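For reference, the chains in residue letters:
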2 protein chains.
Amino acid sequence: MRIEAAFGTVLAEKRKGAKLSQEALAHECGLDRTYISLLERGLRQPSLKSIFSISSVLGISPSKLIELVEKRMTKNIGNDP
Amino acid sequence: MRIEAAFGTVLAEKRKGAKLSQEALAHECGLDRTYISLLERGLRQPSLKSIFSISSVLGISPSKLIELVEKRMTKNIGNDP
């Protein structure tokens, strides 16, 4: 699984787990809803600052968020389209 | 300490620890030396992909690299110019 796709999957899961809409998350992060949508679909990759602001709103550390992305990538080895 | 500055400091430390020049690191990562230089000076922020490629060459996990950035930021609270 590509890095951006893995990040997008983790982001969508965590956002839903936090009961936040894309719009609410974007607002809390000071980002655009469209950007969140692009990230979740793996069509954009987050900058370092976005990683920090998003994880802060999701209530996890940036390193934990990245760790989840690493795990997601490993889990999907062999399933990459 | 700003996020980019903290990342730059950690990157420079880890690169020197690995006995790599900016040029050698850039080459290994498939990135430009100028980009590495800008990152180390906190003038650019890395993308998610750059975080993964740089940490791979430095022999640490991306989440560990981000954890070091978090620690660096906390350590410097109150010293932010």
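Scroll up a little and you will see the structure.
Residues numbered from 1 in each chain as written. Chains lettered and ligands numbered in written order. Predicted model: local features only at pLDDT ≥ 70, side-chain atom pairs only at ≥ 80, totals over all residues. Heavy atoms only, no water.

Chemist: I'd like a rundown of the packing of helix α2 (residues 22-29) of chain A against helix α3 (residues 33-40) of chain A, residues and numbers included.
Modeler: Helix-helix packing is described using two parameters, namely the angle between the two axes and the distance between the axes. All names here are of chain A. Following both chains from N to C, one finds α2 and α3 inclined at 115 degrees, their axes separated by 8 Å at the closest point. On the basis of their axis angle, the class for α2 and α3 is roughly perpendicular. Crossing geometry of α2 relative to α3 is assigned as right-handed. Between α2 and α3, the residues in contact are Gln22, Glu23, Leu25 and Ala26 and Arg33, Ile36, Ser37 and Glu40, respectively. Looking at the contact of α2 with α3 residue by residue, the classes come out as 3 nonpolar, 2 polar and 3 charged. (Axes fitted to C-alpha atoms, helices over the stretch in contact; angles between N-to-C directions. Helix = DSSP H or I, 4+ residues; strand = E, 2+ residues; numbered from the N terminus. Parallel < 35°, antiparallel > 145°, perpendicular 65-115°, else oblique. Left-handed = near helix turned anticlockwise from the far one by under 90°. Contact = heavy atoms within 4.5 Å. Nonpolar A, V, L, I, M, F, W, Y, C, P; charged D, E, K, R; others polar.)

Chemist: Describe in detail helix α4 (residues 48-58) of chain B, supporting the description with residues and values.
Modeler: All of the buried residues in α4(B) are Leu48(B), Ser50(B), Ile51(B), Phe52(B), Ile54(B), Ser55(B) and Leu58(B). After α4(B) finishes, the residue Gly59(B) shows a positive phi value of roughly 75 degrees. (Buried < 20%, exposed > 50% of the residue type's maximum accessible area, 1.4 Å probe, protein only.)

Chemist: Quick one: what's the story with the relation of the copies chain A and chain B, residue by residue and with numbers?
Modeler: Under the fitted operation, chain A is carried onto chain B by 0.0 Å of movement along the axis and a turn of 180 degrees, and the coordinates agree to an RMSD of 0.0 Å. Here the two chains are linked by the operation of a two-fold rotation axis. Most of the interface of chain A is mirrored in chain B, where 100% of its interface residues again form contacts. (Least-squares fit on C-alpha atoms with pLDDT ≥ 70 in both.)

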